[in-house]
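# Working through the structure, step by step
Here's the letter readout for the chains.
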Amino acid sequence: MQLWFFIALGCAFFTACCDSVSKRMMLDNDEWIAGGVMLSVASILLFPMFFVIDFIEFTPEGVKLLAVTLPLEVLAYYLFLSAIRMSALSLTLPLLSFSPAITIVTASVLLDETIGSMGLIGVLLVTLGAYILNVDPSNFSVLGPVKAVLSDSGARRMLMVSILWAVTSTLGKSGVLIFGALQFGYLITALVGAIFLVVGIFRVKLISAPFVMDGRIGLIFLIAGVFMSLQEVTHFLAISMAPVAYMISVKRVSMVIGVIFGWRFFGETNIASRLIGSVIMLAGVVLLSGLRG
């Protein structure tokens, strides 16, 4: 196995840790504050790397890319945080399995890439996994999974996140080529964090959005920032070394870890069926990613 695979696998672990800590933070804090503080801490922790890499150089092409990517990243991250705040990790996180499959479509449109005829099998595996994911073992019905997604607002938001991140992952590859892997990763982290922090402060001042910052919560924010910084570094390093769908597919191992974390730390139930669904969805994602080579 190549180096990018192990970096992407590390990214999956850090992502799952970050997701779980984020859910814990939002028990006491607004998602805009939680996201803003976490990304700001990550930006501070990552800043020293500029002593060993080149600083960011802006070009008209790079500015145009940021103008498109940044609003999509802000919207996607808000929907992501609100989804995991509103619903179980074991229900929402596995729905991110759709993003690598959607990435194949976005890459086809934006980069003129195509897949082979075996892609249908991968799509069916992802669909089957999604079905099992949403089955309630205590009240089985054929339309149960459809009703679960339609009735759960967190699940609907996570499906939108899958679409948005499929687009931004493809755009991110262009950003890596223009700015460099670590430079673009830092730029996105810092800018999205700044926007979240500004919006969060206004929400606290204007509508009294929940905000708690005692010693215990401060430590949680610090831990989340560490996980976020490691996630961002490994994400953009891996995506600079491998095709987007390959890297995103391996990164989605985080959803299986997230289901386990949801059971272990948040007392979530129906884990057996959701874990089976997650694994089947992941198998479909891996097959789809392999068809891009």
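Everything discussed here concerns the structure shown above.
## Quick word on the overall build of the chain
- From N to C terminus, the chain includes 13 helices and zero strands.
- Ordered by position in the sequence, the α and β elements of the chain form the string α-α-α-α-α-α-α-α-α-α-α-α-α.
- The burial tally for the chain puts 54% of its 293 residues in the buried class.
- Across the chain, the fraction of contacts at a sequence separation of at least 24, relative to all contacts at a separation of at least 6, is 88%.
- Approximately 13100 Å² of the chain is accessible, and the part contributed by carbon and sulfur atoms is 72%.

## Brief notes about empty space enclosed by the protein
- Tallied over the entire structure, the rule returns three cavities of 30 Å³ or more.
- In this structure, the largest cavity spans a volume of roughly 450 Å³.
- Lining the largest cavity are 26 residues, and of these Glu73, Trp165, Gln231, Glu232 and Lys251 sit closest to its centre.
- The dominant element in the lining of the largest cavity, judged by the number of residues it contributes, is helix α10 (residues 215-241), at six residues.
- Looking at the lining of the largest cavity, its residues break down into twelve nonpolar, nine polar and five charged.

## Brief notes about the packing of helix α2 (residues 31-46) against α10
- Relative orientation of the contacting elements α2 and α10 amounts to 65°, with a least axis distance of 8 Å. Crossing of α2 against α10: the hand is right-handed. Within the contact between the two elements, α2 uses Ile33, Ala34, Val37, Met38, Leu39, Val41, Ala42, Leu45 and Leu46 and α10 uses Phe221, Leu222, Ala224, Gly225, Val226, Met228, Ser229 and Val233.
- Of the residues that constitute the contact of α2 with α10, the class distribution is 15 nonpolar, two polar and no charged.

## Some points on the side chain of glutamate 73
- Structurally, glutamate 73 is set in helix α3 (residues 60-86).
- As a buried residue without a salt bridge, glutamate 73 has its nearest oppositely charged side chain in lysine 251, at a separation of 8.6 Å.
- Discounting residues that sit within four places of it in the chain, glutamate 73 has contacts with Trp165, Thr168, Ile188 and Val192.

## Quick notes on the nonpolar core
- The biggest cluster of nonpolar side chains holds 65 residues, and the ones touching the most others in it are Met25, Tyr77, Phe80, Ile84, Met158 and Val192.
- At the level of elements, α1 (3-25), α2, α3, α8 (153-179), α9 (181-207), α10, α11 (244-251) and α12 (253-266) are the ones that each hand at least two residues to this core.
- The contact partners of valine 192, leaving out residues within four places of it in the chain, are Leu39, Leu70, Glu73, Val74 and Tyr77.

## Some remarks on the environment of valine 74
- When you line up the elements, valine 74 lands in helix α3.
- Residues valine 74 and glycine 35, 39 residues apart in the sequence, show an inter-C-alpha distance of 9.9 Å.
- Setting aside anything within four residues of it in sequence, one finds valine 74 in contact with Trp32, Val192, Ile195 and Phe196.

## Topic: the pattern of salt bridges
- Applying the stated criterion across every chain, the model contains three salt bridges.
- For arginine 203, the salt bridge is made with aspartate 30, and the minimal N-O distance between the two is 2.7 Å. Of the two residues, arginine 203 is situated in helix α9 and aspartate 30 in the loop between α1 and α2; the sequence distance between them amounts to 173 residues.
- The class of arginine 203 is partly exposed, set by a relative accessible area of 27%.
- You can call aspartate 30 buried: its relative accessible area is 4%.
- Between arginine 85 and glutamate 31 there is a salt bridge; the shortest N-O distance is 3.0 Å. Highlighted residues: arginine 85 in helix α3 and glutamate 31 in helix α2, separated in sequence by 54 residues.
- Given the relative accessible area of 36%, arginine 85 is considered partly exposed.
- Looking at glutamate 31, the relative accessible area reads 5%, which means it is buried.

## Some remarks on the environment of alanine 194
- Note that alanine 194 resides in helix α9.
- Classification of alanine 194 as partly exposed rests on a relative accessible area of 39%.
- In this structure the C-alpha to C-alpha distance between alanine 194 and leucine 39, which are 155 residues apart in sequence, comes to 8.0 Å.

## Some remarks on the packing of aromatic side chains
- Throughout the structure, instances matching the rule amount to twelve aromatic pairs.
- Aromatic pair tryptophan 32 and phenylalanine 196: ring centres 4.5 Å apart, planes at 35°, arrangement tilted. Here phenylalanine 196 lies in helix α9 and tryptophan 32 lies in helix α2, a separation of 164 residues in the sequence. A single burial state applies to tryptophan 32 and to phenylalanine 196, both of which are buried.
- Taking 5.8 Å as the distance between ring centres and 15° as the angle between the ring planes, the aromatic pair formed by phenylalanine 179 and phenylalanine 184 counts as stacked. Taken individually, phenylalanine 179 and phenylalanine 184 each receive the classification buried, so the pair is uniform in this respect.
- A network of ring pairs unites the aromatic residues Trp32, Tyr77, Tyr78, Phe80, Trp165 and Phe196 as a single cluster.

Thresholds applied
Throughout this document, residue positions are counted from 1 along each chain, in the order its sequence is written. pLDDT decides what is reported in this predicted model: residues at 70 or higher carry local features, side-chain atom pairs at 80 or more are listed and counted, and totals for whole chains, interfaces and linings draw on all residues regardless. Hydrogen atoms and water are omitted, and side-chain values are computed over all heavy atoms in the structure. Elements are defined by DSSP. Helices are runs of H or I of four residues or more, strands are runs of E of two residues or more, and each kind is numbered from the N terminus. Note on classification: 1.4 Å probe, protein chains only; a residue is buried when its accessible area is under 20% of the maximum for its type, exposed when over 50%, partly exposed between these limits. Contacts: residue pairs with any heavy atoms within 4.5 Å of one another. Only the protein chains shown count as cover for residues, with accessible areas throughout obtained via the Shrake-Rupley method and a probe of 1.4 Å. A pocket here means an open set of points on a 1 Å grid, computed over the protein atoms alone, that has protein on both sides within 12 Å along at least five of seven lines. A cavity is instead a set of points where a 1.4 Å probe fits but cannot get out; residues with an atom within 4 Å of a point line either one. Grid points are joined across faces, edges and corners, and a volume is the space filled by probe spheres set on the points. Residue classes follow a fixed rule: Ala, Val, Leu, Ile, Met, Phe, Trp, Tyr, Cys and Pro count as nonpolar, while Asp, Glu, Lys and Arg count as charged, and any other residue, Gly among them, counts as polar. To obtain each axis, a line is fitted to C-alpha atoms, and for helices this fit is confined to the stretch in contact; angles are then taken between N-to-C directions over 0 to 180 degrees. Less than a right angle of anticlockwise turn of the near helix away from the far helix marks a crossing as left-handed, whereas a clockwise turn marks it as right-handed. The positive count covers Lys and Arg only, the negative count covers Asp and Glu only, and His and the chain ends enter neither. A pairing counts as a salt bridge when a side-chain nitrogen of Lys or Arg comes within 4 Å of a carboxyl oxygen of Asp or Glu. Here the nonpolar core consists of buried residues drawn from Ala, Val, Leu, Ile, Met, Phe, Trp, Tyr and Cys, with membership extended through side-chain atoms lying within 4.5 Å. Pairs were defined over the aromatic rings of Phe, Tyr and Trp, the Trp ring being its six-membered one, requiring ring centres within 6.5 Å. Orientation was assigned from the angle between planes: stacked under 30 degrees, edge-to-face over 60, tilted for the rest.

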